[in-house]
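# Fold and contact review
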Amino acid sequence: MTTTLLNRMTHLILTCLLVLAAVVVKAQTKGSPEQVVITSLDGKTRVYTNENGNLQVNVSPRNVDKYKAASLVRYSDFGAKGDGKADDMDAIAATHAFANLHGLSVKADGKATYYIGGKERTALIRTDTDFNTASFIIDDTEVQNRNAAVFTVGSALKPFKLESISSIQRNQKKIDVSLPGPCLITVTNTTVKQYIRYGLNQNNGSPQTDLFVVDKNGNVDMNAPIIWTFDRITDMVALPIDEKPLQITGGRFTTIANKAESAYTYYNRNLAIRRSNVIIDGLQHRIEGEGDHGAPYGGFINIGDCAYVTIKNSILTGHRTYSTIGAAGKPVSMGTYDLSANRALNVSFLNCSQTNDINDTRYWGILGSNFCKNLLYDGCTLSRFDAHQGVANATIRNSTLGHMGINAIGSGLLLIENSTIRGRSLVNLRPDYGSTWQGELVIRNCVFVPADARQTSVALISGSYSGEHDFGYTCYMPEQITIDNLRIDDSQHPENYRGPAIFANINPQMTDQSYREKFPYVITKEVTLRNITTVSGKELRRSDNPFMFREVKLNTGQ
């Protein structure tokens, strides 16, 4: 057999393998990240859209060999112009598709400016990616699909359903299952509704939800235990956890904001993380073109259905606050985020900050989260920490939080240390979800600066609870609260300022024993106070509602 014939046969085999691999990962939805057909035919490398609207990529056999030898591909290898004018989205998606197929890293050209228009196209990232010092302009002024992510960080490991388990118990240590390796387990019971929201954004609640990590033998990681008892399970999914971390570095992203109607039509033109074990380091995101109206955003970094995600050394931007008519028929400010975490476990934000003033009330709080466990801020300067539909265990340390402060409901340990906190209170237990924290609150070595100097009364812990609304669960205040070495900077308050209180007047109607709650609130049992000082010189009081908190045991001194 001649060498030429052998080479041709080799190329033919390679072509067949590439086409087969591409077809296997094809998805059904137009523009979806996996709908890319890759071939390796003689001729030049080419990226185009075929007659079905799918992305077609042909890479010459010579270039296949070259890229594999380098273990690296660049966007320019697949036709990206990087001039800030030509739409480079197809080239970017093609680059990642080819890299995923061969296990190659991706690197942007450092001086390039990649323009990404409103086409419905998502780049699937499954390999290490260095966005370098390149700029990316994401133009949201005309978008085909506002729910289509620009980048999705995904796994080649496919989720699968667990149908043999009919119920689980709170704090259960093991589930009866054998798995290929460690997995994140998500559990749902659609017949039970929880987080039945109250107020201007009232709703009928969400299905009972939990998530936890197990090893291949079904042993639950008790650092993030099962927090709900499920008498029935309607859906249980195992998402395998990749053993090797995927690293994404650099990148200077700018979103040109949408001009849509100010309504709850969230834009998700973002970096969506849907793979466990991911590190993002040194990313920057800015926003341009916000006017007097616009639709809200669901988070430029959007983390969901995954575990062990770290965002570090990154700079984000708060979004302009717009208003609409809420579910109660009244005007309401819309939440809009640059950071978002939903059904995620062990998520850390390290040394992160934002471009705009964290105390500028024109901009909404930067983070929103739901159904998370073990959230961490460390070394961050951000406008808000927020847990909507519950967080189990949260830590804020070595950080400065701005005008929207700490808003949380959930369970476990809420630890705040070595930090400066602004806000109307030090910790706000969200009233729309029952002002509930079933666990412990620890505050140590902190400074609290009340955000509104006009207040005549300041509370460290705020919330609101009437006892007349069913949130789908029993509501608790932290069982034990420890506040150690806290300085309250209340120097700017008016002359009739009464001084700070531990608890806000959470239920003004509860003034004597005749008041009866339809849905009882479980009050804090014990508060330990050490070295609490105020700039005003006024002493820390129990509450503006002493009756409600009359049985709370106060420990003071050493």
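A brief structural summary. Quick caveat: nothing in here was measured; it's all calculated off a predicted structure.

### Thoughts on the overall build of the protein
When its secondary structure is counted, the protein shows three helices and 40 strands. A compact globule built from 558 residues should have a C-alpha radius of gyration of about 24 Å, and the protein, at 26 Å, falls within 12% of that. With the C-alpha coordinates of the protein rotated into their principal frame, the extents come out at 95 × 50 × 45 Å. Taken across its 558 residues, the protein has 54% of its residues classed as buried. Counted over contacts in the protein with a minimum sequence separation of 6, partners at least 24 positions apart contribute 73%. Roughly 23,800 Å² of accessible area belongs to the protein as shown, and the carbon and sulfur atoms make up 47% of that amount.

### Points about the packing of aromatic side chains
Summed over the entire model, instances satisfying the criterion amount to 26 aromatic pairs. Between the aromatic rings of Y67 and F98, the centroid separation amounts to 5.8 Å while the plane-to-plane angle is 80°, which identifies the pairing as edge-to-face. One end of the pair, Y67, is in helix α2 (residues 61–70); the other, F98, is in helix α3 (residues 89–102), and 31 residues separate them in sequence. Their ring planes at 50° and their centres at 5.5 Å tell us that F78 and F98 sit as a pair that is tilted. Placement of F78 in the loop between β4 (72–74) and β5 (83–87) and of F98 in helix α3 is noted, with a sequence separation of 20 residues between them. The class of F78 is buried, set by a relative accessible area of 4%. Of the residues examined, F98 reaches a relative accessible area of 0% and is grouped as buried. Chaining the aromatic ring pairs together yields one cluster made of Y195, W228, F371, Y433, Y465, F471, Y473 and Y521. Its end group placed over the ring of Y48, R46 keeps NZ or CZ at 3.9 Å from the ring centre. Over the face of the ring belonging to F547 we find R550, whose NZ or CZ atom lies 3.9 Å from the ring centre.

### Describing the sheet that holds strand β3 (residues 55–58)
Taken together, three strands build an open sheet; the order of strands is β1-β3-β2 and the sheet is mixed. Each edge of the open sheet carries a strand with a single partner, namely β1 (36–39) and β2 (46–49). Strand-to-strand, the axes of this sheet are offset by a mean angle of 15°, without reference to chain direction. Bridging between β1 and β3 involves four bridges; their strand directions are parallel. Within the sheet, the bridge partner assigned to T39 lies in β3 and is N58.

### Re α2
Those residues of α2 that fall on the buried side of the exposure criterion are P61, N63, V64 and Y67. Down the axis of α2, the buried set is contained in an arc of 160°. They therefore lie on one face. The exposed residues of α2 that point more than 90 degrees off its buried face are R62 and A69. S71 sits one or two residues past α2 and shows a positive phi near 55°.

### Concerning the state of the cysteines
Per the counting criterion, the structure on display carries zero disulfides. Left unpaired, C183 is separated from the closest cysteine sulfur, that of C306, by 14 Å. We classify C183 as buried; its relative accessible area is 0%. Not part of a disulfide, C475 finds its nearest cysteine sulfur in C372, a span of 19 Å. For C475, a relative accessible area of 1% gives the class buried.

### With respect to the pattern of salt bridges
In this structure the tally under the stated criterion is 21 salt bridges. Taking the shortest distance from any N to any O, the salt bridge between K161 and D235 comes out at 2.5 Å. On the criterion of sequence distance, the pair formed by K161 in strand β11 (residues 160–161) and D235 in strand β14 (residues 235–240) is long-range, its members being 74 residues apart. Since its relative accessible area comes to 25%, D235 is described here as partly exposed. One network of salt bridges, in which partners are shared, links R197, R384, D386, R430 and D432.

The rules behind the values
- Throughout this document, residue positions are counted from 1 along each chain, in the order its sequence is written.
- Local features are withheld for residues below a pLDDT of 70 in this predicted model, meaning they are given only at 70 or higher, and side-chain atom pairs are given and counted only at 80 or more; totals for whole chains, interfaces and linings count all residues.
- The basis for every side-chain value is the complete set of non-hydrogen atoms in the structure, without hydrogens or water.
- Numbering of helices and strands runs from the N terminus, with a helix taken as a DSSP run of H or I at least four residues long and a strand as a DSSP run of E at least two residues long.
- Note on method: radius of gyration uses C-alpha positions; expected globular size equals 2.2 Å times residues raised to 0.38.
- Accessibility here uses a 1.4 Å probe with only protein chains present; expressed as a share of the type maximum, an area under 20% marks a residue as buried, one over 50% as exposed, and anything in between as partly exposed.
- The contact definition used throughout considers only heavy atoms, calling two residues in contact when any of these lie within 4.5 Å.
- Exposure was quantified through the Shrake-Rupley algorithm and a 1.4 Å probe, taking into account, for residues, occlusion by the shown protein chains and nothing else.
- Ring pairs are drawn from Phe, Tyr and Trp, using the six-membered ring of Trp, whenever the two centres fall within 6.5 Å, and their geometry is named by plane angle: stacked under 30 degrees, edge-to-face over 60, tilted for the rest.
- Here, a charge over a ring is recorded when the distance from Lys NZ or Arg CZ to the ring centre is within 6 Å and its angle to the ring normal is within 35 degrees.
- Whether two strands pair comes down to DSSP finding at least two bridges between them.
- To get an axis, a line is fitted to the C-alpha atoms, and for a helix only the part in contact is used. The angle between two axes follows their N-to-C directions and goes from 0 to 180 degrees.
- The arc in question is formed by the directions pointing from the helix axis toward the C-beta atoms.
- Sulfur atoms of two cysteines make up a disulfide when they are within 2.5 Å.
- By definition, a salt bridge exists where a carboxyl oxygen of Asp or Glu is found within 4 Å of a side-chain nitrogen of Lys or Arg.

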